[in-house]
Amino acid sequence: QVQLVESGGGLVQAGGSLRLSCAASGRIFSLNVMGWYRQAPGKQRELVAIITSGGSTNYADSVKGRFTISRDNAKNTVYLQMNSLKPEDTAVYFCYADRYGGPVKYDYWGRGTQVTVSS
């Protein structure tokens, strides 16, 4: 099993910055992709950014140029630096990780951290 614990959410004014962190524990030796998804009220959960164990990244178009994902494999932690925040970035942000056990892929989720951007 893998446990993911997020931190760093909060309330910020438009144009401000926040940094989210997600620490993984448990069977972390084989984590593959780590990243962040978000879910706003009344909307489906959507990809924000992901990073592979090798450092390749992928971002949602809506956050490109504003958000940066990074990963510290030694600390088993993934970060999301969010700059130039907009009210539409308001959502619960969930940490995500996956690993393979042979041919089987396992997905893990954190409980989420609230990010609120005021206009």
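Residues numbered from 1 in each chain as written. Predicted model: local features only at pLDDT ≥ 70, side-chain atom pairs only at ≥ 80, totals over all residues. Heavy atoms only, no water.

## Concerning the nonpolar core
Counting 29 residues, the largest nonpolar core has Trp36, Leu80, Met82 and Tyr93 as the members making the most contacts within it. When sequence neighbours within four positions are dropped, the list of residues in contact with Met82 reads Gly16, Ser17, Leu18, Leu20, Arg66, Phe67, Tyr93 and Val115. (Core = buried A, V, L, I, M, F, W, Y, C linked by side-chain atoms within 4.5 Å. Buried < 20%, exposed > 50% of the residue type's maximum accessible area, 1.4 Å probe, protein only. Contact = heavy atoms within 4.5 Å.)

## Details of the state of the cysteines
Scanning all chains against the criterion turns up 1 disulfide. Paired through a disulfide, Cys22 and Cys95 show a sulfur-sulfur distance of 2.0 Å. Disulfide Cys22 to Cys95: torsion about the S-S bond roughly -85°, handedness left-handed. Placement of Cys22 in strand β3 (residues 18-26) and of Cys95 in strand β9 (residues 91-101) is noted, with a sequence separation of 73 residues between them. (Disulfide = S-S within 2.5 Å. Helix = DSSP H or I, 4+ residues; strand = E, 2+ residues; numbered from the N terminus.)

## Quick notes on the sheet that holds strand β8 (residues 77-82)
To summarise the sheet geometry, strands pair through backbone hydrogen bonds and adopt either a parallel or an antiparallel arrangement. Strand order in the open sheet formed by 4 strands is β1-β3-β8-β7, with antiparallel pairing between adjacent strands. At either end of the open sheet lies a strand with only one pairing partner, and these are β1 (2-7) and β7 (67-72). Sheet twist, expressed as the average angle between the axes of neighbouring strands with direction ignored, equals 15°. Where β7 lies against β8, 6 bridges are found, and the strand directions are antiparallel. Of the residues in β8, the one forming a bridge with Asp72 is Thr77. (Pairing = 2+ DSSP bridges. Axes fitted to C-alpha atoms, helices over the stretch in contact; angles between N-to-C directions.)

## Focus on the environment of Val63
Along the polypeptide, Val63 turns up in the loop between β6 (57-59) and β7. Given a relative accessible area of 0%, Val63 falls into the buried group. Distance from Val63 to Val48, taken between C-alpha atoms, is 7.1 Å for residues 15 residues apart in sequence.

## A word on the packing of aromatic side chains
Per the stated rule, a full pass over the model turns up 3 aromatic pairs. A centroid spacing of 5.6 Å and a plane angle of 65° characterise the contact between Tyr37 and Tyr96, whose relative ring orientation is edge-to-face. Here the residue Tyr37 occupies a position in strand β4 (residues 31-39), and Tyr96 occupies one in strand β9, the gap between them amounting to 59 residues. When the ring centre of Phe94 is taken as origin, the NZ or CZ atom of Arg45, which lies over that ring, is 3.7 Å away. (Phe/Tyr/Trp six-rings, centres within 6.5 Å; stacked < 30°, edge-to-face > 60°. Lys NZ or Arg CZ within 6 Å of the ring centre and 35° of its normal.)

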